[in-house]
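# Examination of the molecular architecture
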Amino acid sequence: MRSTRRIIQVLFFLFFIVLFIKARYPYSNALPSDIMLRFSPLVPVFDFIANFRISLLFWPALIILLLTPLLGRFFCGWICPLGTTLDGVSHLVNSPDNRKSIDAKKWRSAKFILLVGFVILAIFSVPVWGHFDPLSIFNRALTVVLYPVFTLFSESTLQALTHIRFMEEPVFAMFDFFKSWIMPEDQAQMQQVFWIALLFGGILALEKVTRRFWCRNLCPAGALLGFLSQFRFYERLVADSCPQCGKCARECKMNAIPEDDATFTNKVECIECFNCGVTCPPKIDAITYRWRWKPYHSAVDYSRRQFLGSAVGGVGAIGLASIGLHNKKAQARVIRPPGSLPENEFLDQCIRCMECVRICQSNGRCLQASGVTENLEDLWTPVGEMRTGYCEFNCNLCGEVCPTEAILPLPLERKKQTAMGLAYFDKDLCIPYAKDEDCIVCEEHCPTPDKAIKFDEKEYIAPDGSRRMVKYPYVDENLCIGCGICEYKCPLKGEAGIYVTNEKEDRLTKEDLVKPPAPKSKSKSQENALPY
């Protein structure tokens, strides 16, 4: 069974990577790139807390939750790509066995404390659980750190190898494959690289303390599945022939077998890796796995006092999140992807997986991982950074790959009419206003059929008395969708002469998708745009 488990682990891991690479423009949703992210057991639970519903959108996770009371934490041992990565790192760093890492056992209850704390926070609409979701962590690290680093070094290495004469032909073939299938787009440049790398690297580094430290002690998804597995029917059985040699206890990835009683299995911790059966000496072969309709119970390692501590900590965090000063200036520059739910619902639904950021990097490249603008809720949510990219007018892929529909899957024609924000000219910087010279770059790149940037041509009288006609641009509020290409293309260095805020953004609900877009009121922007 261990060999079967390893093969399936590797296949799920490769499937996750293939879906990740597939998430790019042009995109086919015949096999949705977000399907593996919907395997997360936490998603339907917190979706239920936020919306009081059981959504079939998360059918893979619902199947896992239904099977866990029967089979145990098989998701952790067989499916989770973060767990597979930790297994690989454990081999590389030669993690200590359970005798040497016995002190780490005292951290086991931390994952339950985190889970209960996240539930309390979610009840009061403070959704921070997505930061610790294992699939989100892995996809976020892939998007922001691992994939960009891999492509950077791969491309540089291949280019360097092309200078070696006898290797030219095979290297060029490899380079063509690389640019066709691995990285057709330009090199990704990301925000929040340091902090996301620090979290992911910290999780990997903990393998030097003990195997699967994250899964044993910190993972909230593992805690949830542990709660459900405590009475599981599929059991590890140990025959009377067991000599109590302790090999299975030492080799158990999750330290689920006590050193002094090899006949017992902690069902809350066991992830069905079947290492114990392989380590049992062949001549003894005392370990089997069977269904039993009267299973024994494994208690959750979580006391009433710890529950009260979680509750107090959660309430304290809610208080801290509530008393923060609202930064109106920073809030105005938080530009969400087109089709995003209203802000509070968006924050509830977004799992911070960065799948939208990943696909945006292949077409427009405006979406980035946010930092903390007001509180922890904002961290690692997608925001438009229009000075570094723009929302491509003919692209709606961020909504296509969002696993929780925090960004609704808008039809392309509807997306073209959905505003992310509104552009404003900074008249201290914009060339026509600041220097009384013509500049039409923003108007030239404006993608709306009837340009959202228009001109008011006026005569300018220079200090020396000379006269010339200058085109002063203004924004038509009825036409601007806040795509940001004007800000991105502005020829000024540093700050642009035009910038996008989230004013007049269209935040939609699922019910809005079946309605035609609301007509916009007549604009007075032309009269208000000019300082003269």
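These numbers come from a predicted model, not from an experiment.

## A few points about the pairing of strand S6 (residues 453-461)
- Both S6 and strand S7 (residues 467-475) contribute to a ladder of nine bridges, which runs antiparallel. Each residue of the ladder has a partner; that of Ile 453, found in S7, is Val 475.
- From the end of S6 to the start of S7, which pair antiparallel, there are five residues, and Gly 465 there has a positive phi angle of about 90°.

## Regarding the pattern of salt bridges
- Inspection of the entire model under this criterion finds 23 salt bridges.
- Close ionic contact of Glu 272 with Arg 232 constitutes a salt bridge, the shortest N to O distance being 2.9 Å. Residue Glu 272 is found in the loop between helix H12 (247-251) and helix H13 (275-279), and its partner Arg 232 is found in the loop between helix H11 (220-229) and strand S1 (234-238); the two are separated by 40 residues along the sequence.
- Here Arg 336 and Glu 343 are joined by a salt bridge, their closest N and O atoms 2.8 Å apart.
- Because the salt bridges share partners, they merge into one network encompassing Arg 73, Arg 108, Lys 111 and Glu 269.

## Re the environment of Ile 351
- Tracing the sequence through the fold places Ile 351 in the loop between helix H16 (343-349) and helix H17 (355-360).
- Under the relative-accessibility criterion, Ile 351 is labelled buried at 3%.
- Along the backbone, Ile 351 and Val 144 are 207 residues apart, and their C-alpha atoms lie at a distance of 15 Å.

## A few points about the confidence of the model for the protein chain
- Confidence in the prediction for the protein chain averages 89 pLDDT; 96% of positions are at 70 or higher.
- The low-confidence segment residues 524-532, where pLDDT is below 50, has 19 contacts with residues more than four positions distant or belonging to other chains.

## Comments concerning the packing of aromatic side chains
- The final tally for this structure, using the stated rule, is 20 aromatic pairs.
- Measuring from ring centre to ring centre gives 6.4 Å for Phe 48 and Phe 52, while their planes differ by 75°; the resulting arrangement is edge-to-face.
- Taking the relative accessible area as the measure of exposure, Phe 48 reaches 41% and is therefore partly exposed.
- Between Trp 291 and Trp 293, the aromatic rings sit 6.3 Å apart at their centres with planes inclined by 25°, giving stacked as the arrangement.
- The exposure class of Trp 291 is partly exposed, given its relative accessible area of 43%.
- Three or more aromatic residues joined by ring pairs form one cluster here, namely Phe 13, Phe 16, Phe 138 and Phe 200.
- The residue whose ring lies beneath Lys 267 is Tyr 296, and the NZ or CZ to ring-centre distance is 4.1 Å.
- The positively charged end of Arg 358 is found above the aromatic ring belonging to Phe 20, 4.6 Å away from the centroid.

## Re the packing of helix H3 (residues 59-71) against H11
- Relative orientation of the contacting elements H3 and H11 amounts to 45°, with a least axis distance of 7 Å. Here H11 runs oblique to H3, going by the angle between their axes. Residues Ile 64, Leu 65, Thr 68 and Pro 69 of H3 lie in contact with H11, whose contacting residues are Leu 224, Leu 225, Leu 228 and Ser 229.
- Its residues assigned to classes, the contact of H3 with H11 shows six nonpolar, two polar and no charged.

## Description of the side chain of Arg 352
- Tracing the backbone shows Arg 352 in the loop between H16 and H17.
- Summary of buried charges: Arg 352 has no salt-bridge partner, and the nearest side chain of opposite charge, Glu 377, is 5.8 Å away.
- Reaching out from Arg 352, the side chain makes a polar contact with the backbone oxygen of Pro 127 at a distance of 3.4 Å.
- In this structure Arg 352 touches Pro 127, His 131, Ser 136, Arg 140, Leu 347, Glu 377, Leu 379, Trp 380 and Thr 381, once residues within four positions along its chain are discounted.

Calculation rules
Residues numbered from 1 in each chain as written. Predicted model: local features only at pLDDT ≥ 70, side-chain atom pairs only at ≥ 80, totals over all residues. Heavy atoms only, no water. Pairing = 2+ DSSP bridges. Helix = DSSP H or I, 4+ residues; strand = E, 2+ residues; numbered from the N terminus. Salt bridge = Lys/Arg side-chain N within 4 Å of Asp/Glu carboxyl O. Buried < 20%, exposed > 50% of the residue type's maximum accessible area, 1.4 Å probe, protein only. pLDDT = per-residue confidence, 0-100. Contact = heavy atoms within 4.5 Å. Phe/Tyr/Trp six-rings, centres within 6.5 Å; stacked < 30°, edge-to-face > 60°. Lys NZ or Arg CZ within 6 Å of the ring centre and 35° of its normal. Axes fitted to C-alpha atoms, helices over the stretch in contact; angles between N-to-C directions. Parallel < 35°, antiparallel > 145°, perpendicular 65-115°, else oblique. Nonpolar A, V, L, I, M, F, W, Y, C, P; charged D, E, K, R; others polar. Lys, Arg positive; Asp, Glu negative; His and termini not counted. Polar contact = N/O pair within 3.5 Å; in protein donor to acceptor, adjacent residues only side chain to side chain.

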